[in-house]
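Letter by letter, the chains look like this.
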Amino acid sequence: MDTLGKKFGFKGIFWVAILVFFTVNLSYNVLVVNGDEIMEPVVGKLDNPLAYSIINHGIYEEGEMEDEAWTIVQTKGNQFVVNGQPFYVNGFNTYWLMEFAVDQSTRGKVNEVFQQASSVGLTVCRTWAFNDGQGQALQKSPSVYDEEVFKALDFVVSEAKKYKIRLILTLTNNWDGYGGKPQYVKWGKAAGLNLTSDDDFFTDSTIKSYYKANLKARLVNTLTNITYKDDPTIFAWELMNEPRCDADPSGDKIQAWIEEMAVCAKSIDPKHLLEIGLEGFYGPSTPNRVRYNPSKYAQLIGTDFIRNHQVLGVDFASAHIYADAWISRTISDSHIPFVKSWMQAHIEDAENVLNMPVVFGEFGVSAKDRGYNSSFRDAFIGAVYDTLINSTKKGGSGGGSLLWQLFPEGTDSMDDGYAIILSKSPSTSNIISLQSTRLETFNSLCSWKCHWGCKKKHPSETVLFHDEL
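Residues numbered from 1 in each chain as written. Predicted model: local features only at pLDDT ≥ 70, side-chain atom pairs only at ≥ 80, totals over all residues. Heavy atoms only, no water.

How should helix 8 (residues 205-215) be read in this particular structure?
Residue pairs three or four apart in sequence face the same way in an α-helix, which turns once every 3.6 residues. When we look at burial in helix 8, the residues that qualify are I207, K208, Y210, Y211, N214 and L215. Taken down its axis, helix 8 places every buried residue within 150° of arc, on the same side. Next to the buried residues of helix 8 lie strand 8 (139-141), strand 9 (144-145), helix 7 (180-190) and helix 9 (252-268). Residue D204 occupies the N-cap position of helix 8, its side-chain oxygen lying 3.0 Å from the main-chain nitrogen of T206. (Buried < 20%, exposed > 50% of the residue type's maximum accessible area, 1.4 Å probe, protein only. Helix = DSSP H or I, 4+ residues; strand = E, 2+ residues; numbered from the N terminus. Arc of directions from axis to C-beta. Contact = heavy atoms within 4.5 Å. Polar contact = N/O pair within 3.5 Å; in protein donor to acceptor, adjacent residues only side chain to side chain.)

Given below as structure tokens:
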């Protein structure tokens, strides 16, 4: 018996009207890349792309948000959920927020980037929660911290909540930017340890004790008086940005490190989600999948997408997308098919093997690439978004993506070529805003169906609403 039809009533008519509104008001330009048509959205006809977004997505001032709605994100099967409802990540990276928050003269840029991100509906930001032994260091030496820098991190977290943005906080770096793995090894050598490689970070017991102590250092936010382990503003902790261990192509050393640190992190904070921070390369455990890697070298860096994400305590998978850095620094039509096949392979494996969401934690196109143009960047971003939407419609494991990276004006010194300044990029801004609107619509319709008596279980079956209405 179709009980849903009897309960449709006014709210059903309302949602149909919303869908009609979106259908009528969205138009597309068609970009053809390597024979594939990519739909480039054009949202209305606005001189200021941010104006549309502010109206549709809103900014949440302090005290405006219902506390019961601001709860910790969890996973249910292969999807993220908040208050039992699906949550899809449409987000961005801005790594330098804590650094800028330390200095009062640059602190306003933190507010600017959150305001602009919120205006286009972005809901998750990935940022560094570390600075090891560098200028304005958070951790000046093992277990020795600068409290003023901790307060800067507190400020970043408190500002994010005002704009209803959740944070993925990265705990250290594989690279030497902001200290990372090389700095830990320098500290070890200074303490008299016999270390021969930066990759000793993953195996030396003293270095590992430094890292574990650092996991315990983030306690209470001095601005909100909320403990970090209880704050819903934190989406997840990330063990390391892009871990690699070239010294051990077998992957055993990184695997053991992930197993040890995941247990440690979860013992400190069992409430929040935990992820590794991998680039997503396939390794020795899945020889049938290495064909999806961008090169043969990618399977020799000591990481293994499937094996690493099967570790107890890891809640969702991560992968990055850099066709330009991995394949060719010259813009090429071949980049788009790579993006699609790379993403689809990881979504399928996250769903069929890992039973967890996968987030594409970094993706972008550098303005420094040979042949760069903004139309190609828009096509690249559109391909990422369309692949995720296709997964969403099917109840798949495509949990979301995070642009690398979003900047406000006046931060050019931090730009590595990938920065997107929304006020200077109206077409890109519209694409981002449309993706936010699509995901918000999916979330709202799924919530409406469940509210009106849908008996289906989350997450995979309720998304059928797209075809049912």
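From this point on, the discussion continues.
I keep staring at the packing of aromatic side chains and nothing clicks. Help me out?
Each aromatic ring pair is specified by the distance between its two centres and by the angle formed by the two planes. Within this structure, the stated rule accounts for 33 aromatic pairs. Through successive ring pairs, a cluster of aromatic residues spans F281, Y282, Y292, F305, Y322, W326, F338, W342 and Y418. One Lys or Arg, R107, reaches over the ring of F155 and ends 4.2 Å from the middle of that ring. A cation sits over an aromatic face here: R166 above F87, 5.7 Å from the ring centre. (Phe/Tyr/Trp six-rings, centres within 6.5 Å; stacked < 30°, edge-to-face > 60°. Lys NZ or Arg CZ within 6 Å of the ring centre and 35° of its normal.)

I'm lost on the pairing of strand 6 (residues 89-93) in this one. Help?
In the case of a regular strand, side chains alternate between the two sheet surfaces. A large share of strand 6 lies buried, amounting to five of its five residues. Side chains of strand 6 alternate between two faces, with V89, G91 and N93 and N90 and F92 buried alike. Pairing of strand 6 with strand 15 (residues 398-404) involves five bridges; the strand directions are parallel. For F92, the partnering residue across the bridge sits in strand 15 and is L403. Note that strand 6 and strand 7 (residues 124-128) share three bridges and pair parallel. Residue pairing across strands places G91 opposite V124, the latter belonging to strand 7. (Pairing = 2+ DSSP bridges.)

I'm lost on helix 5 (residues 108-119) in this one. Help?
Relative to the 16 Å expected for twelve residues at 1.5 Å per residue, helix 5 spans 17 Å between its end C-alpha atoms, a close match to the ideal helical length. Of all the residues in helix 5, the buried ones are K109, V110, V113, F114, Q116, A117, S118 and S119. Where helix 5 ends, the next residue or the one after it, G121, has phi of about 80°, a positive value. (Expected span 1.5 Å × (residues − 1).)

What is the right way to read the sheet that holds strand 4 (residues 79-82) from this model?
Two modes of strand pairing occur in sheets, parallel and antiparallel, and in both the strands are linked by backbone hydrogen bonds. If you trace the three strands from one edge of the open sheet to the other, you get 3-4-5, paired in antiparallel fashion. Each having just a single partner strand, strand 3 (74-76) and strand 5 (85-87) make up the two edges of the open sheet. For this sheet, the mean angle separating the axes of adjacent strands, direction not counted, is 60°. Here three bridges tie strand 4 to strand 5, and the two strands are oriented antiparallel to one another. (Axes fitted to C-alpha atoms, helices over the stretch in contact; angles between N-to-C directions.)

Please explain the side chain of D269 as it appears in this structure.
For D269, the position within the fold is in the loop between helix 9 and strand 12 (273-275). At a separation of 3.1 Å, a polar atom in the side chain of D269 contacts the main-chain amide nitrogen of K271. In this structure D269 touches Y228, K229 and W237, once residues within four positions along its chain are discounted.

Sorry if this is basic, but what is going on with the packing of helix 12 (residues 335-354) against helix 13 (residues 374-393) here?
Pairs of packed helices are described in terms of their axes, by the angle between the two and the distance that separates them. Across the interface, helix 12 lies against helix 13 with an axial gap of 10 Å and an inter-helix angle of 25°. Between helix 12 and helix 13, the crossing angle belongs to the class labelled roughly parallel. As for the relative orientation of helix 12 and helix 13, their crossing is right-handed in sense. Here H335, I336, V339, K340, M343, Q344 and I347 of helix 12 lie close against helix 13, whose contacting residues are F376, A379, F380, A383, V384, T387, L388 and S391. Of the residues contributing to the contact of helix 12 with helix 13, the split by class is ten nonpolar, four polar and one charged. (Parallel < 35°, antiparallel > 145°, perpendicular 65-115°, else oblique. Left-handed = near helix turned anticlockwise from the far one by under 90°. Nonpolar A, V, L, I, M, F, W, Y, C, P; charged D, E, K, R; others polar.)

When you look at a negative patch on the surface in this model, what are you seeing that I'm missing?
A contiguous patch of negative charge, built from E409, D412, D415 and D416, is present on the exposed surface. You can see D412 is positioned in the loop between strand 15 and helix 14 (426-451). Residue classification places D412 among the exposed residues on the basis of a relative accessible area of 55%. (Patch = residues over 30% accessible without salt bridge, like charges linked within 9 Å, V, L, I, M, F, W, Y side chains within 5 Å. Areas by Shrake-Rupley, 256 points an atom, 1.4 Å probe, with all protein chains shown as cover. Salt bridge = Lys/Arg side-chain N within 4 Å of Asp/Glu carboxyl O. Lys, Arg positive; Asp, Glu negative; His and termini not counted. Charge placed at Lys NZ, Arg CZ, Asp CG, Glu CD.)

What's the story with the packing of helix 8 against helix 9 in this structure? I'm lost.
Between helix 8 and helix 9, the shortest axis-to-axis distance is 10 Å and the interhelical angle comes to 25°. What the angle tells us is that helix 8 and helix 9 run roughly parallel. In this structure, the crossing between helix 8 and helix 9 has a hand that is right-handed. Residues K208, Y211, K212 and L215 of helix 8 form the contact with helix 9, whose participating residues are W257, E260, M261, C264, A265 and I268. Partitioned by chemical class, the residues of the contact of helix 8 with helix 9 number seven nonpolar, no polar and three charged.

Explain the pattern of salt bridges here, please?
Between side chains of opposite charge, pairing is possible as soon as their charged atoms come close. According to the stated counting rule, one finds 18 salt bridges in the structure shown. One salt bridge in this structure joins R126 and E362, with 2.7 Å as the shortest N-O distance. Of this pair, R126 sits in strand 7 while E362 sits in strand 14 (residues 358-363); the two residues are 236 residues apart in sequence, bridging distant segments of the chain. For the pair formed by R126 and E362, the shared burial category is buried. Here E260 ties to K212 by a salt bridge, and the two come within 2.6 Å at their closest N and O atoms. You can see E260 sitting in helix 9 and its partner K212 sitting in helix 8, a full 48 residues away along the chain.

How do you make sense of empty space enclosed by the protein when you look at a structure like this?
Gaps between atoms show up when a probe of the same size as a water molecule is rolled over them. For the coordinates displayed, the defined rule picks out three cavities of 30 Å³ or more. Size it by volume and the largest cavity reaches roughly 40 Å³. Every residue lining the largest cavity is listed: Y88, V89, N90, L388, T392, G398, G399, G400, S401, Q435 and L439. Mapped onto the lining of the largest cavity, the elements with two or more residues apiece are strand 6, helix 13, strand 15 and helix 14. When residues of the lining of the largest cavity are assigned to their parent elements, the largest contribution, four residues, is made by strand 15. Residues that form the lining of the largest cavity fall into these classes: four nonpolar, seven polar and no charged. (1 Å grid on protein atoms, 1.4 Å probe; cavity = no way out; pocket = protein on both sides within 12 Å on 5 of 7 lines; lining within 4 Å. Points joined across faces, edges and corners; volume = space filled by probe spheres on them.)

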